[in-house]
Amino acid sequence: MSDLGPVDPGRADEAAWLRRWRLRPDGDPATTTTSRLLPVRTEDGELAVLKIAHESEEARGSALLTALEGHGAVRVLRRDHRALLIERATGTRDLVAMVRAGEDDAATRIICEVGALLHAETDRVLGLDEPPALTPLEDWFGQLFAHADRLGPLHRAGADLARRLIDDDHEPVVLHGDLHHGNVLDFGERGWLAIDPKALLGDAEFDACNLLCNPSHERALLPGRLARQFAVVVDATGFAPRRLRDWLVAWSALSSTWFELDGRPERAATAERIGEAAAGLAT
């Protein structure tokens, strides 16, 4: 046995992709719950990020990014199985920092604009010879439907709203599924673009819900904040207020369910509080 100890399989995997794609490390790596990220330079000196997924659901997002071809989203430079090479965000602006600096309304509008760009690609993406596999909202809400009755009134109400909205004859669009302040980055001359989509299919209004719960639950629950940003979203998108409100209640119930099932009761409680506040929004 080597005195150096066991080899980290994640790092070995990373090294293999660096060799295969002729990449040079160009910064410190980061690890999330779903992937490992490493800033790199390509053989031609282009700034990029190597992303190696740890979970299978990342493959759906990678396929959607590839299909989007840089429209409203980060460009994919190379893709193979669990590895993804994407352009690097080099802009200096940051949406979370904007919120902290008092530019909450502007940050919300930027996210709405990026969402609209993604939704506008629906016909082209679905019309591809090999369109990406997208998860319908019916499946995305499965755990809420399964657990609503044992969790509480907000969850039951959210499940009922989700069922009604999903059953409506409403034209579905390609959805990011996780559109918030941390997933829309400044790409300099290319503008604000989305990263890390969940690759869903359903109502456009659903994509506005997560941004209203961010950049943190604590921020979302500040007095008057939810109502103000809700109004900003309605103004920026033209969404019907009641439909957006109902999706926000349903999303909050689903988010709370996920936190509860993950053993994070404090986060489940704050997501539930957002849903209760959303239910009281004037429409």
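Residues numbered from 1 in each chain as written. Predicted model: local features only at pLDDT ≥ 70, side-chain atom pairs only at ≥ 80, totals over all residues. Heavy atoms only, no water.

A. Quick look at helix α2 (residues 57-68). Taking 1.5 Å of rise per residue, 12 residues should cover 16 Å, and α2 covers 17 Å from first to last C-alpha, within 8% of that figure. Taken together, the buried positions of α2 are Glu 58, Gly 61, Ser 62, Ala 63, Leu 64, Leu 65, Ala 67 and Leu 68. Looking one or two residues beyond α2, the residue adopting positive phi is Glu 69, at roughly 55°. (Helix = DSSP H or I, 4+ residues; strand = E, 2+ residues; numbered from the N terminus. Expected span 1.5 Å × (residues − 1). Buried < 20%, exposed > 50% of the residue type's maximum accessible area, 1.4 Å probe, protein only.)

B. Spotlight on the sheet that holds strand β11 (residues 200-202). Ordered in space as β7-β11-β8, the three strands form an open sheet in which the pairing is mixed. Edge positions in the sheet fall to β7 (135-136) and β8 (173-175), since each of these pairs with one other strand and no more. As paired elements, β7 and β11 share two bridges and run parallel to each other. The residue of β11 that forms the bridge with Thr 135 is Leu 200. (Pairing = 2+ DSSP bridges.)

C. Highlighting the packing of helix α4 (residues 104-119) against helix α11 (residues 225-237). For the pair α4 and α11, the least separation of the axes is 9 Å and the interaxial angle reads 40°. In this view, α4 runs oblique relative to α11, as classed from their interaxial angle. At the point where α4 passes α11, the crossing takes the right-handed sense. Seen from α4, the contacting residues are Asp 104, Asp 105, Thr 108, Arg 109 and Cys 112; seen from α11, they are Arg 225, Arg 228, Gln 229, Val 232, Val 233, Asp 235, Ala 236 and Thr 237. Residues that form the contact of α4 with α11 fall into these classes: four nonpolar, three polar and six charged. (Axes fitted to C-alpha atoms, helices over the stretch in contact; angles between N-to-C directions. Parallel < 35°, antiparallel > 145°, perpendicular 65-115°, else oblique. Left-handed = near helix turned anticlockwise from the far one by under 90°. Contact = heavy atoms within 4.5 Å. Nonpolar A, V, L, I, M, F, W, Y, C, P; charged D, E, K, R; others polar.)

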